[in-house]
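Spelled out from the first residue to the last, the chains are:
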Amino acid sequence: MKEPITLGDILAARKRIAGHIIDTPLRPSQSLTDHVGSPVWLKCEHQQYTGSFKLRGAANAVLSLTDEDKAKGVVGVSTGNYGRALANAARNANVRAVICMSELVPQNKVEGIRTQGAEIVISGQSQDEAQKEVDRLVSEEGMIMLPPFDHADVIAGQGTLGVDILEQLPNAETLLVPLSGGGLLAGVALAAKAINPAIRVVGISMERGCAMIESLQAGKPTSVREWPSLADSLGGGIGENNLYTFDMCGDLTDDFVLVNEAQIADGIRAAYIDDQQVIEGAAAVGIAALRAGLIDNPGRTVVLSTGCNIDMELHRRIIGGEDVDLAQEAEQSKTASSSEGH
Ligand SMILES: *Cc1c(COP(=O)(O)O)cnc(C)c1O
């Protein structure tokens, strides 16, 4: 039987990872405050080492391993940011790491993982296919699997972000949390509601395939088609045998909001032009939702800006005002390469 995760686990994680992460700033956003008419802050976790909050969970999970398990090495599946975080956490602990990814992971993220010294395996068109390679390394090579969200130590690590936010802004009223596998939302909401039960937690995802929301609506883990999206870090399923995040996100989320590609691009642009922050699509969904008027009565609001690992050429195009549609571009490059005969 699995034990429920508690605030105590999150506080223990916070001590464990303290020397391994940076305390990221909580930055007031004048432009978002003007836009929505109530105070808005950005939790600048895109400034975290490795470029995303994922380092919190990965560091907590690696540092929690026994010496015997550390010697076996760790393996995980990733849309990019978790891979980079796990590779970094493993390298700092002198542990072998293998990261398995689908072909949808952008090249800049693959390179980011390689520079952290991890071994890389690329297979299939979805997270679920990449997961098969993880399962093989566990059964054939005895490696230790550390999954990107559905693991108690990972969730506790992500939850440290909730504790930090409420320490920086004890009277926060609304947290806007990007949602994919739900490790972030589960941890942050658990911590935040344990400290202040009245706080409102909004999970935000992209219209192009939010597995958690569709699963909660269906009452069981459901797989969705994976589309190329500006919020590439929000892709992937929640796992057929989900242990923690499905139940926790169902219990702890007050509202769910979906944003489209144009809104995500607008969020990336606004973060750069108004708040001088380079952020990736997944990190922009909260800003996008606020600017699109999708959050009712936000009150004192903290937007979790979760990562900065965006391809710089893509960022340049978005800032320049181009309407980027990555799904259409993927289709076009397929047709172009088949008509060239390779
Ligand atoms: C992974 C990720 C998320 C979503 O986190 P989950 O725990 O999978 O819900 C959001 N933003 C960024 C930048 C990420 O890398």
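What you are looking at is a predicted structure, and each value in this text was computed from that prediction instead of being measured. (Residues numbered from 1 in each chain as written. Predicted model: local features only at pLDDT ≥ 70, side-chain atom pairs only at ≥ 80, totals over all residues. Heavy atoms only, no water.)

Novice: What am I meant to see in the overall build of the protein chain here?
Specialist: Across its full length, the protein chain carries 15 helices and 10 strands. In terms of overall dimensions, the protein chain has C-alpha extents of about 60 × 55 × 40 Å along its principal axes. Here the protein chain holds 342 residues, and 55% of them are scored as buried. Taking the contacts inside the protein chain whose residues are at least 6 apart along the sequence as the reference set, 74% of them involve residues at least 24 apart. For the protein chain, the exposed surface amounts to about 14100 Å²; the carbon and sulfur share of it is 49%. (Helix = DSSP H or I, 4+ residues; strand = E, 2+ residues; numbered from the N terminus. Buried < 20%, exposed > 50% of the residue type's maximum accessible area, 1.4 Å probe, protein only. Contact = heavy atoms within 4.5 Å. Areas by Shrake-Rupley, 256 points an atom, 1.4 Å probe, with all protein chains shown as cover.)

Novice: When you look at the site of the ligand in this model, what are you seeing that I'm missing?
Specialist: Around the ligand lies a shell of 16 residues, among which Lys54, Ser180, Gly182, Leu184 and Thr306 are the nearest. For the ligand, an oxygen atom lies 2.9 Å from a polar atom in the backbone of Ser180. Taking Gly182, its main chain carries an N or O atom lying 2.7 Å from an oxygen atom of the ligand. Coverage of the ligand by the protein chains reaches 98% of its 380 Å² of free accessible surface. The class makeup of the residues in the shell around the ligand is 6 nonpolar, 8 polar and 2 charged. (Near = heavy atom within 4 Å. Polar contact = N/O pair within 3.5 Å; in protein donor to acceptor, adjacent residues only side chain to side chain. Nonpolar A, V, L, I, M, F, W, Y, C, P; charged D, E, K, R; others polar.)

Novice: Sorry, what's going on with the sheet that holds strand S3 (residues 74–77) here?
Specialist: By way of backbone hydrogen bonds, the strands of a sheet pair with one another, either parallel or antiparallel. Spatial strand order, S5-S4-S3-S6: 4 strands in an open sheet with parallel pairing. Sheet topology places strand S5 (119–122) and strand S6 (144–145) at the edges, where each strand pairs with a single neighbour. Sheet topology note: the strand S4 (residues 97–101)/S5 ladder contains 4 bridges and is parallel. Of the residues in S5, the one forming a bridge with Ile99 is Ile120. In this fold helix H7 (residues 127–141) packs onto S3, S4, S5 and S6, with an angle of close to 165 degrees to the strand it touches most, S3. (Pairing = 2+ DSSP bridges. Axes fitted to C-alpha atoms, helices over the stretch in contact; angles between N-to-C directions.)

Novice: It is not clear to me how helix H3 (residues 54–63) should be interpreted in this structure. Could you clarify?
Specialist: Two residues of an α-helix separated by three or four positions point the same way, owing to the 3.6 residues in each turn. Among the 10 residues of H3, 9 are classified as buried, and the element is accordingly described as predominantly covered. Among all positions in H3, only Lys54, Leu55, Arg56, Gly57, Ala58, Ala59, Asn60, Ala61 and Val62 are buried.

Novice: Hey, could you run me through the pattern of salt bridges in this one?
Specialist: For side chains of opposite charge, pairing can occur when their charged atoms come near one another. Taken as a whole and assessed by the stated rule, the structure comprises 22 salt bridges. Of the charged contacts, one joins Asp164 and Arg14 as a salt bridge, the two residues approaching to 2.8 Å between their closest N and O atoms. You can see Asp164 sitting in helix H8 (residues 152–168) and its partner Arg14 sitting in helix H1 (residues 7–17), a full 150 residues away along the chain. The partly exposed category is assigned to Arg14, whose relative accessible area is 25%. One salt bridge connects Arg27 with Asp275, and the closest N-O pair in it is separated by 3.5 Å. Note that Arg27 is positioned in strand S1 (residues 26–28) and Asp275 in helix H12 (residues 261–275), a separation of 248 residues in sequence. Residue Arg27 is classed as partly exposed on the basis of its relative accessible area of 26%. For Asp275, a relative accessible area of 3% corresponds to the buried category. Taken together, the shared-partner salt bridges connect Arg14, Glu45, Arg56, Asp164 and Glu167 into one network. (Salt bridge = Lys/Arg side-chain N within 4 Å of Asp/Glu carboxyl O.)

Novice: I would appreciate a short explanation of the packing of aromatic side chains in the present structure.
Specialist: Two descriptors summarise a pair of aromatic rings, namely the distance from one centre to the other and the angle between the planes of the rings. In this structure the tally under the stated criterion is 0 aromatic pairs. If you follow Arg225 out to its NZ or CZ, it ends over the ring of Trp227, 4.1 Å from the centre. (Phe/Tyr/Trp six-rings, centres within 6.5 Å; stacked < 30°, edge-to-face > 60°. Lys NZ or Arg CZ within 6 Å of the ring centre and 35° of its normal.)

Novice: How do you make sense of the side chain of Ser29 when you look at a structure like this?
Specialist: Relative to the helices and strands, Ser29 is located in the loop between S1 and helix H2 (30–36). Owing to a relative accessible area of 0%, Ser29 belongs among the buried residues under this scheme. At 3.1 Å, the side chain of Ser29 and the backbone nitrogen of Leu32 are in polar contact. The contacts of Ser29, once residues within four sequence positions are left out, are Val40, Trp41, Leu42 and Asp275.

Novice: What is the right way to look at the environment of Gln263 in this model?
Specialist: Mapped onto the elements of the fold, Gln263 is located in helix H12. Setting aside anything within four residues of it in sequence, one finds Gln263 in contact with Leu258, Ala288, Ala292 and Leu294.

Novice: Can you help me understand the nonpolar core in this one?
Specialist: Nonpolar side chains in soluble globular proteins tend to be buried together. Counting 41 residues, the largest nonpolar core has Leu175, Val177, Met248, Val302 and Leu304 as the members making the most contacts within it. At the level of secondary structure, the elements contributing two or more residues to this core comprise H1, H8, strand S7 (174–178), helix H9 (183–195), helix H10 (211–218), helix H11 (245–252) and strand S10 (301–305). The element best represented in this core is H9, accounting for 8 residues. Each residue touching Val302, except ones within four places of it in the same chain, is listed here: Leu26, Trp41, Lys43, Ile165, Leu169, Ala172, Thr174, Leu175 and Leu176. (Core = buried A, V, L, I, M, F, W, Y, C linked by side-chain atoms within 4.5 Å.)

Novice: Looking at this structure, I do not really get the pairing of S3. What am I missing?
Specialist: In the case of a regular strand, side chains alternate between the two sheet surfaces. The side-chain alternation of S3 yields two buried faces, one formed by Val74 and Gly76 and the other by Val75 and Val77. As paired strands, S3 and S4 are joined by 4 bridges and run parallel to one another. Each bridged residue has a counterpart across the sheet, and for Val75 the counterpart in S4 is Val98. For the handedness criterion, the β-α-β arrangement of S3, helix H5 (residues 81–92) and S4 is classed as right-handed. Examined bridge by bridge, S3 and S6 share 2 bridges and lie parallel to one another. Bridge pairing links Val75 to Met145 in S6. (Right-handed = clockwise from strand over helix to strand, strands pointing away.)

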